[in-house]
Amino acid sequence: QVQLVESGGRLVQPGESLRLSCAASGSISTINAMRWYLQAPGKQRELVATISSRGSTNYADSVKGRFTISRDNAKNTVYLQMNNLKPEDTAVYYCNADIWPIVGPLRNYWGQGTQVTVSS
């Protein structure tokens, strides 16, 4: 069984920074791409950032220059450093990853989400 568990979401004021973490655990052989999505109230889930197994990154235009995705392959963990947070960044942030389990095919997994609220 493979699980993704996010942490780090909380209430912050505009302009502050926050770092989200997502740890993958279980019977893992290899983790390919890892991603962060957000889902604002009443809106569809959208892709925020992607990092490949080799560290190549891509970002949504709305977060370029403010958010940084990184990963620690030894810890099976992906991070999202969020700087200069804005009220419109308020959302539930979800971790997503393409994982080869020790037994079975490549699958896409989701975490349970962590709430980030940006408000004064």
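Preceding block: the structure.
Note that the structure is predicted; figures quoted are calculated from it, not measured.

1. As for the pairing of strand β4 (residues 28-39)
So, step 1. Both β4 and strand β9 (residues 91-101) contribute to a ladder of nine bridges, which runs antiparallel. Residue Arg35 lies in a different strand from β9, and its bridge partner there is Asn96.
So, step 2. Where β4 and strand β5 (residues 46-51) come together, five bridges link them in antiparallel fashion. Within β5, the position partnered with Tyr37 by the bridge is Leu47.
So, step 3. Taking the residues between adjacent antiparallel strands as the criterion, β4 and β5 are bridged by six residues, where Gly42 takes a positive phi near 75°.

2. Some thoughts on the side chain of Asp98
So, step 1. Following the sequence through the fold, Asp98 ends up in strand β9.
So, step 2. Within the structure, the side chain of Asp98 is placed 2.8 Å from the side chain of Asn108, a separation counted as a polar contact.
So, step 3. Leaving out residues up to four positions away in the same chain, Asp98 has contacts with Thr30, Ile31, Asn32, Ala33, Arg35, Leu106, Arg107 and Asn108.

What counts and how
Residues numbered from 1 in each chain as written. Predicted model: local features only at pLDDT ≥ 70, side-chain atom pairs only at ≥ 80, totals over all residues. Heavy atoms only, no water. Pairing = 2+ DSSP bridges. Helix = DSSP H or I, 4+ residues; strand = E, 2+ residues; numbered from the N terminus. Polar contact = N/O pair within 3.5 Å; in protein donor to acceptor, adjacent residues only side chain to side chain. Contact = heavy atoms within 4.5 Å.

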